[in-house]
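Structure at a glance
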Amino acid sequence: MKKKIIFLACILFTTVAMVAQTSVSGTVKDAKTGETIPGVNIKLTGKAIGTITDFDGRFNLKISSAPPFTLEISAL
(Lines give C-alpha, C1' and ligand atoms only; values in the text may rest on other atoms or scores of the structure.)
Protein backbone atom coordinates (compact mmCIF):
# COMPACT_ATOMS: atom_id res chain seq x y z
CA MET A 1 0.00 0.00 0.00
CA LYS A 2 2.81 2.43 0.87
CA LYS A 3 4.58 1.67 -2.40
CA LYS A 4 1.45 2.55 -4.37
CA ILE A 5 1.06 5.86 -2.56
CA ILE A 6 4.72 6.76 -3.09
CA PHE A 7 4.48 5.77 -6.76
CA LEU A 8 1.37 7.90 -7.30
CA ALA A 9 2.96 10.86 -5.50
CA CYS A 10 6.06 10.61 -7.73
CA ILE A 11 3.93 10.57 -10.88
CA LEU A 12 1.94 13.58 -9.68
CA PHE A 13 5.01 15.68 -8.86
CA THR A 14 6.85 14.87 -12.09
CA THR A 15 3.78 15.65 -14.18
CA VAL A 16 3.32 19.02 -12.49
CA ALA A 17 7.00 19.86 -12.92
CA MET A 18 6.93 18.98 -16.62
CA VAL A 19 3.90 21.14 -17.42
CA ALA A 20 4.78 24.10 -15.24
CA GLN A 21 7.52 25.75 -17.31
CA THR A 22 8.11 27.21 -20.74
CA SER A 23 11.72 27.62 -21.86
CA VAL A 24 12.77 30.51 -24.10
CA SER A 25 16.34 30.55 -25.41
CA GLY A 26 18.26 32.37 -28.10
CA THR A 27 21.19 34.56 -29.05
CA VAL A 28 21.25 38.36 -29.07
CA LYS A 29 23.15 39.81 -32.05
CA ASP A 30 23.89 43.30 -33.33
CA ALA A 31 21.59 44.05 -36.30
CA LYS A 32 24.32 45.76 -38.37
CA THR A 33 27.41 43.65 -37.68
CA GLY A 34 25.88 40.31 -36.67
CA GLU A 35 28.20 40.11 -33.65
CA THR A 36 26.83 38.60 -30.45
CA ILE A 37 26.22 40.95 -27.52
CA PRO A 38 27.12 39.83 -23.97
CA GLY A 39 25.44 41.32 -20.88
CA VAL A 40 22.03 42.06 -22.40
CA ASN A 41 19.06 42.00 -19.99
CA ILE A 42 16.05 39.87 -20.96
CA LYS A 43 12.96 40.28 -18.76
CA LEU A 44 9.38 39.04 -18.86
CA THR A 45 7.12 42.10 -19.13
CA GLY A 46 5.18 42.78 -15.92
CA LYS A 47 7.01 40.13 -13.87
CA ALA A 48 10.20 39.96 -11.82
CA ILE A 49 11.59 37.15 -13.99
CA GLY A 50 14.60 37.64 -16.21
CA THR A 51 18.10 36.66 -17.21
CA ILE A 52 21.24 38.06 -18.80
CA THR A 53 23.13 36.93 -21.90
CA ASP A 54 26.43 35.11 -21.41
CA PHE A 55 29.78 36.00 -23.02
CA ASP A 56 28.61 34.53 -26.35
CA GLY A 57 25.28 36.44 -26.32
CA ARG A 58 23.21 33.33 -25.49
CA PHE A 59 20.40 33.16 -22.94
CA ASN A 60 17.93 30.63 -21.56
CA LEU A 61 14.86 31.78 -19.64
CA LYS A 62 12.41 29.44 -17.91
CA ILE A 63 8.94 30.96 -17.50
CA SER A 64 6.00 29.54 -15.57
CA SER A 65 3.48 31.44 -17.74
CA ALA A 66 1.96 29.94 -20.86
CA PRO A 67 2.58 31.73 -24.19
CA PRO A 68 1.94 34.29 -25.53
CA PHE A 69 4.02 36.70 -23.45
CA THR A 70 6.25 39.69 -24.12
CA LEU A 71 9.96 39.97 -23.38
CA GLU A 72 11.77 43.25 -22.70
CA ILE A 73 15.35 43.34 -24.00
CA SER A 74 17.70 46.11 -22.91
CA ALA A 75 21.41 46.91 -22.92
CA LEU A 76 23.58 49.85 -21.94
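Structure report, in brief. (Residues numbered from 1 in each chain as written. Predicted model: local features only at pLDDT ≥ 70, side-chain atom pairs only at ≥ 80, totals over all residues. Heavy atoms only, no water.)

**What to know about the overall build of the protein**
When you go through the protein residue by residue, the secondary structure sums to one helix and five strands. In sequence order, the secondary structure elements of the protein are arranged as α-β-β-β-β-β. A buried classification covers 13% of the 76 residues belonging to the protein. Of the contacts made within the protein by residues no fewer than 6 positions apart, 51% connect residues no fewer than 24 positions apart. Of the accessible surface of the protein, which amounts to about 6,100 Å², a share of 64% is contributed by carbon and sulfur atoms. (Helix = DSSP H or I, 4+ residues; strand = E, 2+ residues; numbered from the N terminus. Buried < 20%, exposed > 50% of the residue type's maximum accessible area, 1.4 Å probe, protein only. Contact = heavy atoms within 4.5 Å. Areas by Shrake-Rupley, 256 points an atom, 1.4 Å probe, with all protein chains shown as cover.)

**Section: the pattern of salt bridges**
Under the definition given, this model contains two salt bridges. In this structure, Arg-58 engages Asp-54 in a salt bridge whose closest nitrogen and oxygen atoms are separated by 3.7 Å. A relative accessible area of 45% means that Arg-58 is categorised as partly exposed. Judged by relative accessible area, which is 32%, Asp-54 ranks as partly exposed. Arg-58 is paired through a salt bridge with Asp-56; the nearest N and O atoms lie 3.2 Å apart. Since its relative accessible area comes to 36%, Asp-56 is described here as partly exposed. Connected through shared salt-bridge partners, Asp-54, Asp-56 and Arg-58 make up one network. (Salt bridge = Lys/Arg side-chain N within 4 Å of Asp/Glu carboxyl O.)

**Observations regarding the pairing of strand S4 (residues 58–63)**
The two faces of S4 differ: Phe-59, Leu-61 and Ile-63 on one face are buried, but Arg-58, Asn-60 and Lys-62 on the other face are not. Pairing geometry for strand S1 (residues 22–27) and S4, over six bridges, is antiparallel. Directly across from Ser-23, in S4, lies its bridge partner Lys-62. (Pairing = 2+ DSSP bridges.)

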